[in-house]
Amino acid sequence: MVTLKDIAKEAGVSVMTVSRVVNHRYQEVSEENISKIQRIIAEYGYVPNSSARSLSSKSSRIISIIIQGTGNPLESRFNASMIGYVIQGIQARGYQAMVHFIEDYADVTRHLRSWKSEGAIFLGTFDENIRQMQEDNKIPLIFTDSYSSIRQVINVGIDDYKGGMLAAKHFIAYGHKHFAFASPHIEHSQVIRQRLLGFSDALRDAGYILPESHILNAFYINQCADALCSLPDPVTAVFVPIDDSAADLMAALRQRGFRIPQDYSVIGFDDFPLCRYVEPKLTTIAQDIRQKAQYALDLLFQHLQDHTLPTQNIVLDVQLISRDSVARIS
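Residues numbered from 1 in each chain as written. Predicted model: local features only at pLDDT ≥ 70, side-chain atom pairs only at ≥ 80, totals over all residues. Heavy atoms only, no water.

Participant: Would you take a moment to explain the nonpolar core for this structure?
Facilitator: Nonpolar side chains in soluble globular proteins generally cluster together in the buried interior. Counting 72 residues, the largest nonpolar core has F199, L228, V238 and F239 as the members making the most contacts within it. For this core, the element with the most residues is helix 12 (residues 289-305), which contributes 8 residues. Excluding residues that lie within four positions of it along the chain, V238 makes contacts with F171, A180, A182, L228, L249, Y264, S265, V266 and I267. In this structure, V2, A11, V13 and I40 belong to the second largest nonpolar core, which totals 14 residues. (Core = buried A, V, L, I, M, F, W, Y, C linked by side-chain atoms within 4.5 Å. Buried < 20%, exposed > 50% of the residue type's maximum accessible area, 1.4 Å probe, protein only. Helix = DSSP H or I, 4+ residues; strand = E, 2+ residues; numbered from the N terminus. Contact = heavy atoms within 4.5 Å.)

Structural data, given as structure tokens:
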């Protein structure tokens, strides 16, 4: 197996120079030597031993991505998109990404320390345990979509409340007067609850109400469809604050003989590509996931450079994308 010493000997440079090229510290190496070393690395197929480098060096150049959730968190389009953008950004800066799926927050510190992570980006609901994680890990911790009451948190989120308001106002503008909210995880997700709060507040401000019985919360969206069809009061407009669930609800309603949007109008949330391919095309609240990932990365690497920087809570805007899943009622 080829070593740094072998590459250095063939290139006629020091082992330190080869190490700088391997670790992308190009500013300390001449263009000629960079080209020569990279050619030799490619020729021999040299791959650095990241775990050994982490254990022997003060700098692991490892960034952890911590995802909370049971089952397969990558089934979530949001998680999959965020992870893709974050990994690309980490690698572009010459670091390695280590992805951890966490069910119990107590495992967070063990994972971060075992890999000597230099920082971490969190996806999921960690609000109850943020303070403890900060006390246990003195590295930059960047949270996304956090609604923690702790002020000393670095967080990048979106205006979930405004998203709910936009959905309600769109339904009202199209003449709807009878509404429902359908989603799994309402009781476990502050994100979903903020979208519900914005939706119900906008309805109330316009003189409408969202009855408690019209807030449909079930693990399976088919159960929400059954509950929706069983409501004694008529409903024409349903806000489903996750695009995947909105598409599933539309399919479940069609299986029961209903038409979308003639019988039930539906608005989702996120604006994933599926919104343009389902039938009818889904009206939704759009968030910019790439922008969210970029802000999280920028904050992480700023705090890696300067640990004295103040904490920040960045709230990104959302917008409604009107398509075909909302009918206009005359």
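That shown, we press on.
Participant: I'm lost on helix 11 (residues 243-255) in this one. Help?
Facilitator: Note that an α-helix has 3.6 residues per turn; residues three or four places apart therefore point the same way. Compared with an ideal rise of 1.5 Å per residue, which puts 13 residues at 18 Å, helix 11 spans 18 Å between its outermost C-alpha atoms and is within 8% of the ideal. Where helix 11 is buried, its residues contact helix 5 (77-92), helix 10 (221-229), strand 8 (237-239), strand 9 (265-270) and strand 10 (283-286). Phi turns positive, to about 95°, at G257, one or two residues after helix 11. (Expected span 1.5 Å × (residues − 1).)

Participant: Explanation requested: the side chain of H111 in the structure shown.
Facilitator: Among the secondary structure elements, H111 is positioned in helix 6 (residues 106-114). For H111, a relative accessible area of 18% puts it in the buried group. In terms of polar contacts, H111 uses its side chain to reach the side chain of H100, at 3.3 Å. Not counting chain neighbours up to four residues away, the residues in contact with H111 comprise H100, I102 and S117. (Polar contact = N/O pair within 3.5 Å; in protein donor to acceptor, adjacent residues only side chain to side chain.)

Participant: I would appreciate a short explanation of the pattern of salt bridges in the present structure.
Facilitator: Under the counting rule described, the total for this entry stands at 13 salt bridges. In this structure, D298 and R93 form a salt bridge, with 3.0 Å as the shortest nitrogen-oxygen distance. On the criterion of sequence distance, the pair formed by D298 in helix 12 and R93 in the loop between helix 5 and strand 2 (96-102) is long-range, its members being 205 residues apart. By relative accessible area, which is 29% here, R93 ends up partly exposed. Between D160 and R195 there is a salt bridge, and its shortest N-O distance comes to 2.8 Å. Of this pair, D160 sits in helix 8 (residues 160-173) while R195 sits in helix 9 (residues 190-205), placing them 35 residues apart in sequence. Of the two residues examined, D160 and R195, each falls in the buried class. Each of D201, R204 and D205 takes part in one network of salt bridges that share partners. (Salt bridge = Lys/Arg side-chain N within 4 Å of Asp/Glu carboxyl O.)

Participant: Help me understand the pairing of strand 10 in this model?
Facilitator: Along any regular strand, the residues point their side chains to alternate faces of the sheet. Where burial is concerned, the two faces of strand 10 agree: the one with T283 and I285 and the one with T284 and A286 are both buried. Strand direction decides the pairing type here: strand 10 and strand 12 (residues 319-321), joined by 3 bridges, are antiparallel. Across the sheet, T284 pairs through a bridge with I321, a residue of strand 12. (Pairing = 2+ DSSP bridges.)

Participant: Would you take a moment to explain the packing of aromatic side chains for this structure?
Facilitator: Aromatic rings considered in pairs are described by the distance between their centres and by the relative angle of their planes. Scanning the entire structure with this criterion turns up 11 aromatic pairs. Ring plane angle 85° and centroid distance 6.4 Å describe the contact between F179 and F199, whose orientation is recorded as edge-to-face. Separated by 20 residues along the polypeptide, F179 in strand 6 (residues 179-182) and F199 in helix 9 bring together distant segments of the chain. No difference in accessibility class separates F179 from F199, as the two residues are buried. Its end group placed over the ring of Y95, R61 keeps NZ or CZ at 4.2 Å from the ring centre. Over the face of the ring belonging to F269 we find R195, whose NZ or CZ atom lies 3.6 Å from the ring centre. (Phe/Tyr/Trp six-rings, centres within 6.5 Å; stacked < 30°, edge-to-face > 60°. Lys NZ or Arg CZ within 6 Å of the ring centre and 35° of its normal.)

Participant: I keep staring at the pairing of strand 3 (residues 119-123) and nothing clicks. Help me out?
Facilitator: Among the 5 residues of strand 3, 5 are classified as buried, and the element is accordingly described as predominantly covered. Every second residue of strand 3 is oriented toward a common face, with G119, I121 and L123 on one face and A120 and F122 on the other, all of them buried. One ladder, built from 3 bridges, connects strand 3 with strand 4 (residues 141-144); its direction is parallel. Looking at the pairing, A120 lines up with L141 of strand 4. Of the crossover connections in this fold, the one passing from strand 3 over helix 7 (residues 130-136) to the parallel strand 4 is right-handed. (Right-handed = clockwise from strand over helix to strand, strands pointing away.)

Participant: Would you explain helix 1 (residues 4-11) in this entry?
Facilitator: The set of residues buried in helix 1 consists of I7, A8 and A11. Along the axis of helix 1, the buried positions cluster into a sector of 100°, meaning they face one direction only. Within helix 1, the exposed residues directed more than 90 degrees away from the buried face are K5 and K9. Looking at the buried positions of helix 1, the neighbouring elements they touch are helix 2 (15-22) and helix 3 (31-44). (Arc of directions from axis to C-beta.)

Participant: Quick question: what am I supposed to make of the environment of M16 here?
Facilitator: You can see M16 is positioned in helix 2. The class for M16 is partly exposed, based on a relative accessible area of 45%. Between the C-alpha atoms of M16 and S114, which are 98 residues apart in sequence, the distance is 26 Å.

Participant: Is there a simple way to explain the sheet that holds strand 9 in this structure?
Facilitator: In space, the 6 strands of this open sheet follow the order 7-6-8-9-10-12, with mixed pairing throughout. Each end of this open sheet is capped by a strand with a single partner; those strands are strand 7 (215-216) and strand 12. Strand direction decides the pairing type here: strand 6 and strand 7, joined by 2 bridges, are parallel. Bridging across to strand 7, F181 finds its partner in I215. Each of strand 6, strand 8, strand 9, strand 10 and strand 12 is contacted by helix 8, which is oriented at about 160° to strand 9, the strand it contacts most. (Axes fitted to C-alpha atoms, helices over the stretch in contact; angles between N-to-C directions.)

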